[in-house]
Amino acid sequence: MRHTWRWFGPVDRVSVQDAAQAGAQGIVSALHHIPTGAVWPVAEIEKRQREVREGSLEWEVVESVPVSESIKTQTGPWREHLANWQETLRRLSAAGIRTVCYNFMPVLDWTRTDLRWTARHGAKAMRFDRIDFAAFDLHLLQRPGALDDYDEATREQAARRFGEMTEERRFALSRNIGAGLPGSADGYSLPQLREHLQTYSGIGREKLQRHLVDFLSEVTPVAERVGINICAHPDDPPWALLGLPRILSTAEDYAFMLSEVDSPANGVTFCTGSLGALAANDLPAMARQFAPRIHFVHLRNVRREEERTPCSFYEDEHLEGGTDMVAVIAELLKEEQRRRAEGREDHQIPMRPDHGQEILDDLTRGAQPGYPAIGRLKGLAELRGIERALSHPIYGRVLSKRS
């Protein structure tokens, strides 16, 4: 696989040079300062490329070109935003970029109740606590209809939890849940979040799926023409939140998306952490099923604290948690081997060590939550070790027989 590293630009406290020293071969980045829905200026794309090259690497994957709420709801200037998304693809292709990640999550992107929860050995990790989230929904946001989304036991636990919270914790909970995409300046106050939720009134699961297909039907032909693979990131977490539908959470969801717009350019960002939070998802089987359409991989692990949906979970170490990382990587290496045999130019799949626990000097560096230097270095080293062992002409065969 191609070992890449998420970098949030010059504001990132983890530098490109840090990434290179950690073993990364390429950079994953985006222009977070460009407003959602706007065309990415050529000058800004070229500037980001220069910034990455100064650290001795290349900008290889875009994560993400945001899909506006107007496109998702098909309201307001959504057609203008769609045309701008297409034009951004053309400009990225002209700059030599071949992989673009995006997501189609309504209003909230990845959602956590804690950004620096203390793990068992003192490391800091991101966590989703379902009772804290219910307390936020029922007692802070006070969303109409929220009571119907929780069983009686959860409502009672949420009420007790909310009553025990300090004002500081309530503020932090609102801030954590209302945060925008990683690296962006976007975020919602409680009134703004209520307003955005209203824009999805009347948009259920099937309608949002249709809007995704409409979006892909317009942008995929452009991606094909300019030689870019676009890849949809799964919902995180993979279940409905705040009454909003989720449409990229399961194998069935992805099978629908890929069959409705059946093009090699339309593919998957295979995130083992997002999909792994849902106990019903068989990650090695999903990697095998969608292998030809996997264009980008996020390797991380989560520890489900209860076997229910929704559940509480936290970001575990890369080789811990509920996902068999060896089995997943084995499937990805088989796909790369198949692509090489076909003579595909994109036989090497870009992957990055996604998230990571804050350990050692990470604890004082103050990097973007989930994106520490040493925690990701550790994860990348472990993942590279698995890949190297599975790729070995002798030991790889031994491991394959054992599995």
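Up top is the structure.
Residues numbered from 1 in each chain as written. Predicted model: local features only at pLDDT ≥ 70, side-chain atom pairs only at ≥ 80, totals over all residues. Heavy atoms only, no water.

1. So, empty space enclosed by the protein
One water molecule sets the probe size; rolling that probe over the atoms shows where empty space is left.
Part 1: With the rule as written, the count across this model stands at three cavities of 30 Å³ or more.
Part 2: Taken as a whole, the second largest cavity spans an internal volume of roughly 80 Å³.
Part 3: Lining the second largest cavity we find 15 residues, and of these G37, A38, V65, P66 and W85 sit closest to its centre.
Part 4: Broken down by element, the lining of the second largest cavity gets its largest block of residues, four residues, from helix α4 (residues 78–94).
Part 5: For the lining of the second largest cavity, a count of residues per class yields nine nonpolar, six polar and no charged. (1 Å grid on protein atoms, 1.4 Å probe; cavity = no way out; pocket = protein on both sides within 12 Å on 5 of 7 lines; lining within 4 Å. Points joined across faces, edges and corners; volume = space filled by probe spheres on them. Helix = DSSP H or I, 4+ residues; strand = E, 2+ residues; numbered from the N terminus. Nonpolar A, V, L, I, M, F, W, Y, C, P; charged D, E, K, R; others polar.)

2. Here we look at the sheet that holds strand β4 (residues 99–103)
Part 1: Strand order in the closed barrel formed by eight strands is β1-β2-β3-β4-β7-β8-β9-β12, with parallel pairing between adjacent strands. Averaged over all adjacent pairs, the angle separating strand axes in this sheet is 30°, with direction ignored.
Part 2: Bridge analysis of strand β1 (residues 2–6) against strand β2 (residues 26–29) gives three bridges, and the strand direction is parallel. Bridging across to β2, R6 finds its partner in V28.
Part 3: Across the face of the sheet, helix α15 (residues 373–391) comes into contact with β1, β9 (294–299) and β12 (350–353) while running at roughly 165° to β1. (Pairing = 2+ DSSP bridges. Axes fitted to C-alpha atoms, helices over the stretch in contact; angles between N-to-C directions. Contact = heavy atoms within 4.5 Å.)

3. Overview of α15
Part 1: Over its 19 residues, α15 extends 26 Å from the first C-alpha to the last, a length consistent with the 27 Å expected when each residue adds 1.5 Å.
Part 2: Within the sequence span of α15, burial applies to A373, G375, R376, G379, L380, L383, I386, E387 and L390. The arc enclosing the buried residues of α15, seen along the axis, measures out at 160°, which places them on a common side. (Expected span 1.5 Å × (residues − 1). Buried < 20%, exposed > 50% of the residue type's maximum accessible area, 1.4 Å probe, protein only. Arc of directions from axis to C-beta.)

Note that every value here comes from positions in space, so none of it alone points to a role or purpose.
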